[in-house]
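A look at the structure
Each chain is listed here by its residues.
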Amino acid sequence: MFKEYAHSIIGKIEEKLEWAELATFVPNKKTPVYNWFYYKEGFSRELVLKILDMFQHDVSLPVLDPFCGSGTTLLACRELGIDSVGLDVLPVSIFASSVKAKDYDTATVREIYSGFRRKFEKLPSEYPPLMKRAFSKFALEDIAFLMRDIMKIEDEKYRDFFILALINASIRCSYARKDGGSLKIRKRQAAPLRIMFRNVVKKMAKDVKRLSFRDCRTGVALCDARRLELEDESVGSIITSPPYLNNIDYTKVYAIEEFFIRPKGLPPMRSYIGSRISEDGFLGLPQAAVSYFKDMEKVLGELYRVCVPGANVALVVGNGYLPGSRRLPGDLGERTFSTDVSGVVDSDVVLAYMAEQLGFSLEKIIVLNKRFALENRSEKVGTLRESLLWLRK
Ligand SMILES: C[S@@+](CC[C@H](N)C(=O)[O-])C[C@H]1O[C@@H](n2cnc3c(N)ncnc32)[C@H](O)[C@@H]1O
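Here we come to helix α7 (residues 137-151). For α7, with 15 residues, the first-to-last C-alpha span of 21 Å sits near the 21 Å given by 1.5 Å per residue. Of all 15 residues making up α7, 11 are buried, and the element is well covered by its neighbours. For α7, the set of buried residues is A139, L140, E141, D142, I143, A144, F145, L146, M147, D149 and I150. Residues of α7 that are buried sit in contact with α6 (129-134), α8 (156-173), α9 (193-210) and α11 (255-261).

And the structure:
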């Protein structure tokens, strides 16, 4: 049945490899405000604008991003004056998205910064082990010192603005590098943090004038996409990118950023898509993929519920490579829907199938990017796609 489905939608798969870079955060690195918080797993402003255009979105209805990350969808909607709602389970994502989506006054930022103490002094501070490994002793002293001044800012909106500036500056001075699903610590020469902070604040103060938002409402909240706290039939379009199958633990990768908003550390997070081990089979999928797709089925059900009839949904998804599910040559076991001999799981096709079972119709699968799945880092065993799944309710 699955094989038949995969075959039946071949005509709906098209390639737009010229959009490959737009599916990454790279273009945002140069875009004012979008680049206030570096989010390696994010997509770009340009991709969201292209999707809104493709959808001919009805501006009287809000756009939802249930995995909003660094808030790219929300900011693009704000530029066009479209109401939007962004949800995520990672507190620092919600923090960064909401700081970026507000309006600020350059003169106020400069005035607040001019009130910061110029004379640096050592302050007693306690840091968790990760912070001690990720920063020099001098950088940690600067963080304590700057944090003290920031905490004195009475206006919460501007206090948060400066906390985001401190996160941005600190990450640039840190020894930590994001490497797939983990943080790698390697000591290196880094600029003094207080100087980096000054430069970041200057740039952010200018950015406020470089990007203009139109009048509209932007809601941002902590929420698990498997249980959306939204009314039935309340959103006009959805533009999002869920975690991928070979999922990363965002709490680990963003542990340093999280420190600045919750210095006492994160409670263990159980709400990640596919983070549990599932014993049951599901759609003939390899065991390692079962809990991911079961979670995604719940998400798709929720997306269907909150969409108005006729709503368009864009899901940017990546196919996964599960070497454990690779079948041996000569293995005559039943070929599953989603994996071939290579161990590549075509998440776009599986999700399209699940979405259609729930009532959505598949408009297109637009392939944005293709790369090889590598075994032992060099043997090419299959092709991994990154795709834009376009669904309609
Ligand atoms: C691929 S990133 C989205 C990036 C975003 N498109 C951007 O441009 O910044 C996936 C996001 O899903 C969030 N996430 C993971 N599990 C979630 C869940 N159960 N509910 C809501 N968000 C979740 C992660 O914290 C992460 O921010």
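Turning our attention to the packing of helix α12 (residues 287-306) against helix α13 (residues 347-357). Direction vectors running N to C along α12 and α13 enclose 45 degrees, while the axes themselves pass 10 Å from each other. One finds that α12 runs oblique with respect to α13. Of the two elements, α12 crosses α13, and the hand of that crossing is right-handed. Two secondary-structure elements touch here, α12 through F293, M296, E297 and L300 and α13 through S347, V350, L351, M354 and A355.

Here we take up the pairing of strand β4 (residues 176-179). Across a regular strand the side chains alternate sides, sitting on one face of the sheet and then on the other. Only one face of β4 is buried: it carries A176 and K178, and the other face, with R177 and D179, is open. Bridging between β4 and strand β5 (residues 182-185) involves four bridges; their strand directions are antiparallel. Paired with R177 across the strands is K184, a residue of β5. Hairpin connection between β4 and β5: a loop of two residues separates the two successive antiparallel strands, and G180 in this loop has a positive phi of roughly 60 degrees.

Following the criterion strictly, the structure yields 20 salt bridges and no others. Among the salt bridges present, the one from K184 reaches D179, with a minimum N-O distance of 2.7 Å. Here D224 makes a salt bridge to R227, at a shortest N to O gap of 3.2 Å.

A separate point is the side chain of D207. Structurally, D207 is set in helix α9. Residue classification places D207 among the buried positions, given a relative accessible area of 0%. Polar side-chain contacts of D207 include one of 2.4 Å to the side chain of K203.

Okay, the pairing of strand β3 (residues 84-88) next. Burial runs high along β3: five of the five residues are buried. The alternating pattern of β3 places S84, G86 and D88 on one face and V85 and L87 on the opposite face, and all of these are buried. Pairing geometry for strand β2 (residues 63-65) and β3, over three bridges, is parallel. Counted as the bridge partner of L64 is V85 from β3. Sheet topology places β3 next to strand β6 (residues 218-222); five bridges connect them, and they run parallel.

The next thing to look at is the sheet that holds strand β8 (residues 307-318). With respect to topology, eight strands assemble into an open sheet ordered β1-β11-β12-β8-β7-β2-β3-β6, the strand pairing being mixed. For this open sheet the edge positions go to β1 (13-15) and β6, each flanked by a neighbour on one side alone. Strand after strand, the sheet turns through a mean of 20 degrees between neighbouring axes, direction not considered. The sheet contact formed by β2 and strand β7 (residues 235-240) spans two bridges and is parallel. Following the sheet pairing, V63 is matched in β7 by S237. Relative to β3, helix α3 (residues 72-80) is tilted by about 170 degrees, and along the sheet it contacts β2, β3, β6 and β7.

This part covers a positive patch on the surface. Together, R110, R118, R198, K202, K206 and K209 make up a region of like positive charge exposed at the surface. With four residues, the single largest contributor to the positive patch is α9. Counting through the fold element by element, K209 comes out in helix α9. Residue K209 is classed as exposed on the basis of its relative accessible area, which comes to 62%.

How each quantity is defined
Residues numbered from 1 in each chain as written. Predicted model: local features only at pLDDT ≥ 70, side-chain atom pairs only at ≥ 80, totals over all residues. Heavy atoms only, no water. Helix = DSSP H or I, 4+ residues; strand = E, 2+ residues; numbered from the N terminus. Expected span 1.5 Å × (residues − 1). Buried < 20%, exposed > 50% of the residue type's maximum accessible area, 1.4 Å probe, protein only. Contact = heavy atoms within 4.5 Å. Axes fitted to C-alpha atoms, helices over the stretch in contact; angles between N-to-C directions. Parallel < 35°, antiparallel > 145°, perpendicular 65-115°, else oblique. Left-handed = near helix turned anticlockwise from the far one by under 90°. Pairing = 2+ DSSP bridges. Salt bridge = Lys/Arg side-chain N within 4 Å of Asp/Glu carboxyl O. Polar contact = N/O pair within 3.5 Å; in protein donor to acceptor, adjacent residues only side chain to side chain. Patch = residues over 30% accessible without salt bridge, like charges linked within 9 Å, V, L, I, M, F, W, Y side chains within 5 Å. Areas by Shrake-Rupley, 256 points an atom, 1.4 Å probe, with all protein chains shown as cover. Lys, Arg positive; Asp, Glu negative; His and termini not counted. Charge placed at Lys NZ, Arg CZ, Asp CG, Glu CD.

All we've got here are geometric facts, nothing functional implied.
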